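Now for the letters of each chain:
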Amino acid sequence: MRKLSKAINEMIISTPSLLWLTVFFLIPTVSVLLISLHPADQYGNIMSGFTADNFKRLMEPVYMKIIWRTLWISAVSTLVCVVLAVPVAYYMVACRESVKKCLLIMIIVPFWTNFLIRVFAWKAVLNPEGPLRHWLIQLHIISPDTLLLYNIYVVLLVIVYTYLPFAILPIFAAADKFDFSLMEAAYDLGATRRKAFFKIFLPGISSGITAGTLMVFIPALGSYVIPEMVGGTSCDMVGNLIAERVLVGRNIPEASAWASVLLMVIIGLLGLRLTYIIINNFRFKPWDNGKV
Amino acid sequence: MAGFLSFENISKKFGRQTVLSDVSFSVEKGKIFSLLGPSGCGKTTLLRICAGLESPDSGRVILDGKDITDLVPNDRPVNTVFQNYALFPHMTIWENIAFGPRVDKRPKQEIASEVEKYLEMIQMTSHAYKKPAQLSGGMRQRVALARALINHPQVLLLDEPLAALDLKLRQRMLVELDELHDKIGITFVYVTHDQSEAMSISDDVAVMNRGIIEQMGPPAEIYEAPKSSFVAAFIGDTNFFDGTVTEITDNDYSRVQLENMGNQQMLIFNDRRLNAGDGVHVSIRPEKIDISAEPPATDRKKNILKGHVEDIIYMGNSTKFWIRVGRQLISVQKQHSAFLLDQKPIRFWLAWHADNGYILDNYQDADRSLLPINVTEPQKPEKGHKQK
Ligand SMILES: Nc1ncnc2c1ncn2[C@@H]1O[C@H](COP(=O)(O)OP(=O)(O)O)[C@@H](O)[C@H]1O
Ligand SMILES: [Mg+2]
């Protein structure tokens with residue numbers, strides 16, 4: 001009796017969030033997947049019937065190149081973000097409580113400015129007529145015909161700039177919980193600072209690193225504004241293609257097919273992470289009563 | 001200073017707080033040396049200085065004739081069993097034990113066989129592939145021990161290794177630890193706040209209080225001949241008497257007039273230079289006092305007092321008597337005294353041999369509060385201060 005009422009209680013409590021997920025996540029996702037399987041007429045309207053043509057078009061070399069570029073830009077910027085975030089977090093947790101708070105606020109403050117405006121600011125800084133390029137040319141760091149804007153490196157730079165806090169925050173949270181007496185134990189057992197960092201600290205904050213990786217990689221995959229504004233045509237990512245298909249090409253099914261590709265990459269990644277967690281939790285069970 | 005491991009004039013401050021002031025002692029090779037003291041007295045800090053995890057403001061640490069004060073932790077031939085064990089949670093027991101040899105880059109084959117050996121020693125072979133979180137407290141403690149010992153340290157530092165365990169397990173682990181020490185024969189520095197642990201396991205004990213060592217010596221000496229009121233009260237139970245020397249009878253004894261106890265003078269053992277008129281403080285352990293319902297036989301070196309019962313507490317293995325003599329409450333602890341319980345006399349004779357009273361070198365009133373029950377009558381307020 002009590003068990004039943006508890007189950008009912010849990011259902012009532014979880015209903016709003018389930019409803020939210022259904023309405024705003026499940027239904028749109030499934031619709032996108034379904035639409036991507038419909039053919040389109042020449043005006044881009046969704047027609048009845050099912051076809052895999054939209055996906056076949058993705059296999060064309062031009063498009064494969066864009067998918068490939070999207071993946072590597074996201075991967076590289078994620079790597080850079082995490083590699084920068086770990087030492088920042090390591091330094092932050094060693095600070096006094098008040099300094100720690102200050103640093104946290106400084107990391108969060110940029111969010112108070114609209115994202116578009118921040119990207120515009122980069123555009124202003126890196127502008128061909130801007131002061132930065134001027135100085136760099138005068139100091140002979142770049143040649144006079146080099147543009148700072150509209151190349152793949154700027155896209156990487158601005159993506160890293162935008163998503164770095166998303167890597168720092170979860171990694172900081174994990175590092176803050178990390179028990180630093182473990183580092184002392186490692187030194188005591190003969191480990192150098194370097195060894196202790198890689199063998200004890202990094203595995204100790206692995207949950208933060210995975211969270212940070214996903215927090216950067218997933219939004220980076222869907223980048224649209226950044227390559228659009230600072231990247232130029234040679235830097236198109238899947239996000240730009242989707243926008244182009246919807247706004248210019250007016251081909252909703254094909255746009256959906258592109259979106260589905262991103263979705264599947266993300267779902268695949270989350271699936272991997274879930275499998276990892278499950279395996280990790282059960283890995284040692286079979287040996288519990290067994291031999292070495 | 002002789003000895004295998006020596007601390008020479010170690011001082012340490014954290015901010016304005018002095019945690020260690022001019023601490024010196026040395027540990028003999030192959031012995032178990034205990035640092036005993038209440039929590040916050042600086043034991044862990046001293047151990048961390050030895051491990052290299054903290055550096056002293058002044059003073060040196062000498063190990064086997066070499067000055068190791070400025071060595072980094074990983075270059076010191078000492079290993080630590082930490083208070084919370086500090087096992088690596090993401091590694092299996094096997095990997096935890098193998099950590100030292102691995103960073104030492106010993107050959108793989110050798111590491112494997114060594115780890116097996118130590119797993120066997122702590123009887124954890126069947127748990128080799130568990131994570132620390134899956135083990136009980138006692139098992140973790142053994143893993144921490146194996147993880148330290150596999151590096152063949154010259155000195156093993158143990159920081160309250162048994163504090164996290166329950167009483168029964170603590171007693172068993174203490175015996176295991178002692179046997180282990182006999183087997184491997186390396187030097188142990190054992191930190192604890194538990195006097196019975198320190199007493200039972202150590203060859204030598206240093207009693208610490210507020211960053212200084214109050215007394216150092218074999219456990220029996222510390223218990224039987226405490227030099228300070230702190231040591232007397234912290235280790236075991238005791239009675240404190242305040243008095244004045246009235247007469248030096250010969251080289252070894254003096255007569256002392258005790259306050260609060262009428263005109264009676266006590267004969268007290270005395271190995272210091274004292275003069276008549278000196279104020280002294282005396283400690284006598286409750287179990288060193290004989291108690292009887294009949295007057296005891298007299299003896300030249302025996303002090304005999306008459307008092308009446310305030311309270312009797314039966315404790316199973318012994319009985320505790322609170323006896324009032326004059327204005328002083330004296331605690332007495334005796335075994336086999338059921339007859340005294342049956343008879344319920346109200347008067348008792350107390351007797352103790354002059355050798356069992358110790359004149360303290362160093363006395364502080366505050367130390368009386370360390371006793372389970374404060375055995376001195378509270379001072380009556382003076383007349384002028386009396387409130388309505
Ligand atoms: N890193 C530190 N910073 C400031 N104070 C400390 C630090 N470590 C220890 N202390 C202080 O030093 C004193 C002694 O500590 P500790 O050596 O841990 O004592 P014990 O191990 O005997 O309980 C305590 O009052 C503690 O608060
Ligand atoms: Mg301590």
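Residues numbered from 1 in each chain as written. Chains lettered and ligands numbered in written order. Predicted model: local features only at pLDDT ≥ 70, side-chain atom pairs only at ≥ 80, totals over all residues. Heavy atoms only, no water.

(A) Expanded view of the overall build of chain B. A count of helices and strands for chain B gives nine helices and 20 strands. Expressed as lengths along the three principal axes of its C-alpha atoms, the size of chain B is roughly 80 × 50 × 50 Å. Of all 388 residues assigned to chain B, the portion counted as buried reaches 51%. Residue pairs at least 24 apart in sequence account for 66% of intrachain contacts in chain B once pairs closer than 6 positions are excluded. When the accessible area of chain B is evaluated, it comes to approximately 18,400 Å², of which 48% is carbon and sulfur surface. Averaged over its 46 positive side-chain charges, chain B has a centre that lies 5 Å from the centre of its 50 negative ones. (Helix = DSSP H or I, 4+ residues; strand = E, 2+ residues; numbered from the N terminus. Buried < 20%, exposed > 50% of the residue type's maximum accessible area, 1.4 Å probe, protein only. Contact = heavy atoms within 4.5 Å. Areas by Shrake-Rupley, 256 points an atom, 1.4 Å probe, with all protein chains shown as cover. Lys, Arg positive; Asp, Glu negative; His and termini not counted. Charge placed at Lys NZ, Arg CZ, Asp CG, Glu CD.)

(B) Structural detail: the interface of chain B and chain A. Every contact between the two is made by 32 residues of chain B and, on the other side, 21 residues of chain A. Together, the buried faces of chain B and chain A total about 2,300 Å²; carbon and sulfur atoms form 62% of this surface. Counting every contact that joins chain B to chain A gives one salt bridge. One salt bridge in this structure joins Glu184(A) and Arg48(B), with 2.7 Å as the shortest N-O distance. Where chain B touches chain A, the interface holds five residue pairs in polar contact (both at pLDDT 80 or more). Of all elements in the fold, only helix 1 (43-51), strand 6 (78-81), helix 2 (93-103) and helix 4 (137-149) of chain B reach the threshold of two or more residues within the side of chain B that touches chain A. Here the residues of the side of chain B that touches chain A are counted per class, giving 15 nonpolar, eleven polar and six charged. (Buried area = accessible area lost by both parts, 1.4 Å probe. Salt bridge = Lys/Arg side-chain N within 4 Å of Asp/Glu carboxyl O. Polar contact = N/O pair within 3.5 Å; in protein donor to acceptor, adjacent residues only side chain to side chain. Nonpolar A, V, L, I, M, F, W, Y, C, P; charged D, E, K, R; others polar.)

(C) Just the packing of aromatic side chains, in detail. Residues and elements named next belong to chain A. What the rule picks out here adds up to 22 aromatic pairs over all chains. On the numbers, 5.3 Å between centres and 80 degrees between planes, the contact of tyrosine 90 with phenylalanine 197 is edge-to-face. Highlighted residues: tyrosine 90 in helix 3 (residues 61-94) and phenylalanine 197 in helix 9 (residues 193-204), separated in sequence by 107 residues. An angle of 85 degrees between the planes, with centres 5.2 Å apart, marks the rings of phenylalanine 178 and phenylalanine 201 as edge-to-face. (Phe/Tyr/Trp six-rings, centres within 6.5 Å; stacked < 30°, edge-to-face > 60°.)

(D) Main features of the sheet that holds strand 20 (residues 358-359) of chain B. All names here are of chain B. A sheet is described by the order of its strands in space; here five strands give the open sequence 13-12-11-14-20, paired in antiparallel fashion. If you trace the sheet from one side to the other, it starts and ends with strand 13 (265-269) and strand 20, each paired once. Of the pairings in the sheet, the one linking strand 11 (residues 239-248) to strand 14 (residues 279-284) comprises six bridges and is antiparallel in character. Paired with glycine 243 across the two strands is valine 280, which belongs to strand 14. (Pairing = 2+ DSSP bridges.)

(E) Local environment of the environment of Val32(A). Residue and element names in this part refer to chain A. For valine 32, the position within the fold is in helix 1 (residues 2-35). When its relative accessible area of 24% is taken as the criterion, valine 32 is described as partly exposed. Valine 32 sits 225 residues away from alanine 257 along the chain, and the two C-alpha atoms are 7.7 Å apart. Once you skip the residues sitting within four places of it in the chain, valine 32 turns out to touch Ser256, Ala259 and Ser260.

(F) Highlighting the site of ligand 1. Residues and elements named next belong to chain B. Contacts to ligand 1 come from Phe14, Gln17, Val19, Pro38, Ser39, Gly40, Cys41, Gly42, Lys43, Thr44 and Thr45. The separation between an oxygen atom of ligand 1 and a polar side-chain atom of glutamine 17 is 2.9 Å. Out of a free accessible area of 560 Å², ligand 1 has 61% covered by protein chains. Of all the secondary structure elements, the ones that give two or more residues to the shell around ligand 1 are strand 2 (17-27) and helix 1. Top element by residues in the shell around ligand 1 is helix 1. It accounts for three residues. (Near = heavy atom within 4 Å.)

(G) Expanded view of the sheet that holds strand 1 (residues 5-14) of chain B. Residues and elements named next belong to chain B. Strands sit in the order 2-1-4-5 across an open sheet of four strands; the sheet is antiparallel. In this open sheet, the two strands that pair with only one neighbour each are strand 2 and strand 5 (66-67). As defined by bridge partners, strand 1 adjoins strand 2 across seven bridges and the pair is classed as antiparallel. Bridge pairing links leucine 5 to valine 27 in strand 2. Helix 1 contacts strand 1, strand 2 and strand 4 (58-63) of the sheet and is inclined by roughly 120 degrees relative to strand 1. (Axes fitted to C-alpha atoms, helices over the stretch in contact; angles between N-to-C directions.)

(H) Inspection of the domain arrangement of chain A at higher detail. According to the domain assignment, chain A contains domain 1 (1-35) and domain 2 (60-259). Centre-to-centre, using C-alpha coordinates, domain 1 of chain A lies 33 Å away from domain 2 of chain A. (Domains from an automatic or database assignment.)

(I) Focus on the side chain of Ser202(B). Residue and element names in this part refer to chain B. Considering the arrangement of structural elements, one finds serine 202 in the loop between helix 6 (195-201) and strand 9 (204-209). When its relative accessible area of 9% is taken as the criterion, serine 202 is described as buried. At 2.6 Å, the side chain of serine 202 and the side chain of serine 34 are in polar contact. A distance of 2.3 Å separates the side chain of serine 202 from the backbone oxygen of alanine 198, its partner in a polar contact. With residues up to four places along the chain from it excluded, the contact list for serine 202 reads Ile32, Ser34 and Pro219.

(J) Expanded view of the environment of Ile152(A). Residue and element names in this part refer to chain A. Tracing the sequence through the fold places isoleucine 152 in helix 7 (residues 152-177). By relative accessible area, isoleucine 152 is classed as buried at 16%. Separated by 83 residues in the primary sequence, isoleucine 152 and arginine 69 place their C-alpha atoms 9.6 Å from one another. If near-sequence neighbours (up to four positions away) are discounted, isoleucine 152 is found in contact with Arg69, Trp72, Ile73 and Cys235.

(K) Up close: empty space enclosed by the protein. For the structure on display, the rule yields two cavities of 30 Å³ or more. Approximately 60 Å³ is the volume found for the largest cavity. Lining the largest cavity are Tyr223(B), Glu224(B), Pro226(B), Ser283(B), Ile284(B), Arg285(B), Lys288(B), Asn356(B) and Tyr358(B). Secondary-structure elements contributing two or more residues to the lining of the largest cavity are helix 7 (219-224) and strand 14 of chain B. Approximately 50 Å³ is the volume attributed to the second largest cavity. As for the second largest cavity, its lining consists of Ile67(A), Thr70(A), Leu71(A), Leu221(A), Val238(A), Val261(A), Leu262(A) and Val265(A). Listing elements by their share of the lining of the second largest cavity, those giving two or more residues are helix 3 and helix 13 (252-282) of chain A. Split into classes, the residues belonging to the lining of the second largest cavity amount to seven nonpolar, one polar and no charged. (1 Å grid on protein atoms, 1.4 Å probe; cavity = no way out; pocket = protein on both sides within 12 Å on 5 of 7 lines; lining within 4 Å. Points joined across faces, edges and corners; volume = space filled by probe spheres on them.)

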